[in-house]
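Coordinate analysis (summary)
Next come the chains, spelled out residue by residue.
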Amino acid sequence: MADRRTAEEISGIYRRHVGTVYQVCLMLLKSVPDAEDAVQTVFRKLLEYGGRFESSEHEKAWLIVTARNECKNQLRHWWRTRRADSAELEGLAWEAPGDGELWELVLSLPEREKLAVYLHYYQGYSTGEAAELLGANPATFRSWLVRARRKLKDLLEEE
Amino acid sequence: MESKKLERVFDRVRLSREREDAILADLTKKHNEEVSNMKQTARRRVPAAALAAAVLAIVLAGTAVAAYLSRLTVTPYEGGYKVRTEAKNIPQESLPADLRERAAALGGKSTHLPFGSWDEAEAYLGREIADNARLDQMTKGECGGIASGDTEAVSAPCVILLSAHKGLPDIIEVHASFRENLCHFSVEAVLIAKNPLLDGDKAIGFTNTLADLTGTETYVTPSGLETTIVTSQEDVFGTVYTNYEAQFILNDATFRVGTSVNERQASGEEALALLKEVLDAYE
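So, here is what we can say about the structure in this document. (Residues numbered from 1 in each chain as written. Chains lettered and ligands numbered in written order. Predicted model: local features only at pLDDT ≥ 70, side-chain atom pairs only at ≥ 80, totals over all residues.)

1. Quick notes on the overall build of chain A
As a reminder of what qualifies: Secondary structure elements follow DSSP: runs of H or I no shorter than four residues count as helices, runs of E no shorter than two count as strands, and numbering proceeds from the N terminus. Buried means a residue has 20 or more other C-beta atoms within 10 Å of its own C-beta, exposed means 12 or fewer, and partly exposed covers the counts in between; C-beta atoms are placed from the backbone.
Scanning chain A for helices and strands turns up eight helices and zero strands. Starting at the N terminus and walking to the C terminus, you meet the elements of chain A as α-α-α-α-α-α-α-α. Relative to its full complement of 159 residues, chain A shows a buried share of 42%.

Okay, here's the thing in structure tokens:
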């Protein structure tokens, strides 16, 4: 390792971004135990990573990409299908009627589309920034967003 | 505004405080171990006695031919594909005692067991899954992973991923990887352990929606093994990879043998031809 982080630095990065990493993992894995395992793995990878981050945004981008990669690895395992069937997602408490339904709909989107929605609408990345993060062409990224918005349209327009 | 509703939903998606603290405690512990240089994870090798007992079990088990009709299907799914296997389930009692003890300790989780080679993993499981002389000519790669909870990370030429359900072995995956020139091959053999609470055998599935399915081909090897080769493409951070994955059932194990190439660096045709050479070497 080129330059080891201190325990305080690790703890700071963890507290700043654990929420984001968990949201990405839960969206992609659709299972609470799997997402928790993935969060643990992502931050263990941070321990091994010797590079320095330029800013909190750089940290977050690295963690989002690493989380996506980790989930991709986990999704390749056969046994995940069974675990996903018994997903323990009911523990979430929603603020308004219809939120649970919207979450279910977000989960049902193809991976690329739900990441697009999450990065652009929730994390506030521009389409160019989010496309770069996912290694996609900006025009392709925008087409994922359009498709996702079309599928979520009815629920988003209610209220 | 539409995004407000999405914000409200995502705001609610949070790790419990208890789990958040537990993961941080694990990270801090790992960090301290590494800093103090006290941690030297000797690979948790399977005891030699367990291997020897398992080898004996292979000899005793013989190769009875089952009447069970195994079936594997590959279908398009959400732009990617879905594989469903109805391979014959393995009786619990045919699994090695060491594996069953580990499953009992795991409850409903999973763990990785490292082995020096595919043969060692077969010996441990007490069954011949499949030999492949063509893969034996390639350079061995490393497989690894971290299991649930605080199990140590493992890295070895061959890894068994044991998934348990209610303290019993459930899914047993044998993973190995190999390299030749610019082609990297991954081999997975999946065994489904018989669930004593179910009358029939259990089918399991796998989906890959991260890669775009571009084609499927039925390929029959000279020895009559029927395989389905799935071709897909995926964009990994701006680089497009073409995946060739053969799916088949052999000796009650569901196999996935695949290679992935960045076609700027290696030829897809050559990778596919090499995959077929590997398939031809299964008997």
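2. Structural notes on unusual backbone geometry
The backbone of Lys166 of chain B shows a phi angle near 50°, a positive value even though the residue is not glycine. The residue Lys166 of chain B is located in the loop between strand E7 (158–165) and strand E8 (168–180) in this model.

3. Comments concerning the nonpolar core
Spelled out, the test is: By convention the nonpolar core is taken to be a set of buried residues drawn from Ala, Val, Leu, Ile, Met, Phe, Trp, Tyr and Cys and joined through C-beta atoms within 7 Å. Throughout, a residue-residue contact means that the two C-beta atoms, derived from backbone geometry, are no farther apart than 7 Å.
Ranked by internal contacts, the top residues of the largest apolar core, which has 58 residues, are Cys158, Val159, Ile160, Ala189 and Leu275 of chain B. The element that contributes the greatest number of residues to this core is strand E9 (residues 183–192) of chain B, accounting for seven residues. In this structure, Ala189 of chain B is in contact with Ile129, Ala130, Val174, Ala253 and Phe255 of chain B, ignoring residues within four places of it in sequence. Listed in part, the 52 residues of the second largest apolar core include Ile13, Leu133 and Leu155 of chain A together with Leu27 of chain B.

4. Description of helix H5 (residues 118–125) of chain B
Residues and elements named next belong to chain B. Counting buried residues in H5 gives six out of eight residues, a clear majority hidden from the surface. Taken together, the buried positions of H5 are Trp118, Ala121, Glu122, Ala123, Tyr124 and Leu125. Just past H5, the residue Gly126 takes up positive phi, approximately 75°.

5. Some points on the interface of chain A and chain B
Many descriptions give the size of an interface as the accessible area lost when the pieces come together. Spelled out, the test is: Residues are grouped as follows: nonpolar covers Ala, Val, Leu, Ile, Met, Phe, Trp, Tyr, Cys and Pro; charged covers Asp, Glu, Lys and Arg; every other residue, Gly included, is treated as polar.
At the junction of the two partners, chain A supplies 42 residues and chain B supplies 44 residues. Elements represented by at least two residues in the side of chain A that touches chain B include exactly helix H1 (7–29), helix H2 (32–48), helix H3 (56–75), helix H4 (80–85), helix H5 (99–108) and helix H6 (111–122) of chain A. In terms of residue count, H1 of chain A provides more of the side of chain A that touches chain B than any other element does, nine residues in total. Partitioning the side of chain A that touches chain B into residue classes produces 25 nonpolar, eight polar and nine charged.

6. A few points about the sheet that holds strand E10 (residues 204–208) of chain B
The strands making up a sheet are joined through hydrogen bonds of the backbone, oriented either antiparallel or parallel. Residue and element names in this part refer to chain B. The criterion, for reference: For two strands to be treated as a pair, DSSP must find no fewer than two bridges joining them. Interaxial angles span 0 to 180 degrees and are taken between N-to-C directions of axes, which are lines fitted to C-alpha atoms, for helices over the stretch in contact.
If you walk across this open sheet you meet the three strands as E1-E2-E10, and the pairing is antiparallel. For this open sheet the edge positions go to strand E1 (72–77) and E10, each flanked by a neighbour on one side alone. Ignoring strand direction, the axes of neighbouring strands in this sheet form an average angle of 20°.

7. Notes on the pairing of strand E14 (residues 253–262) of chain B
Residue and element names in this part refer to chain B. For E14, the buried fraction is high: nine of the ten residues fall into the buried class. One ladder, built from six bridges, connects E9 with E14; its direction is antiparallel. Looking at the pairing, Glu188 lines up with Arg256 of E14. Counted between consecutive antiparallel strands, the loop separating strand E13 (residues 239–250) from E14 contains two residues, among which Asn251 sits at a positive phi close to 50°.

8. Focus on the packing of H1 of chain A against helix H2 (residues 17–35) of chain B
Note the following rule: Every angle not falling under 35 degrees, over 145, or within 65 to 115 is termed oblique; those three ranges are roughly parallel, roughly antiparallel and roughly perpendicular. Note: crossing handedness is left-handed where the near helix turns anticlockwise from the far helix by less than a right angle, and right-handed where it turns clockwise.
Direction vectors running N to C along H1 of chain A and H2 of chain B enclose 155°, while the axes themselves pass 10 Å from each other. The angle between H1 of chain A and H2 of chain B places the two elements in the roughly antiparallel class. The element H1 of chain A and its partner H2 of chain B pack so that their crossing is right-handed. Facing H1 of chain A, whose interface residues are Ala7, Ile10, Ser11, Tyr14 and Val18 of chain A, H2 of chain B presents Glu20, Leu24, Leu27, Thr28, His31 and Asn32 of chain B. Here the residues of the contact of H1 of chain A with H2 of chain B are counted per class, giving six nonpolar, four polar and one charged.

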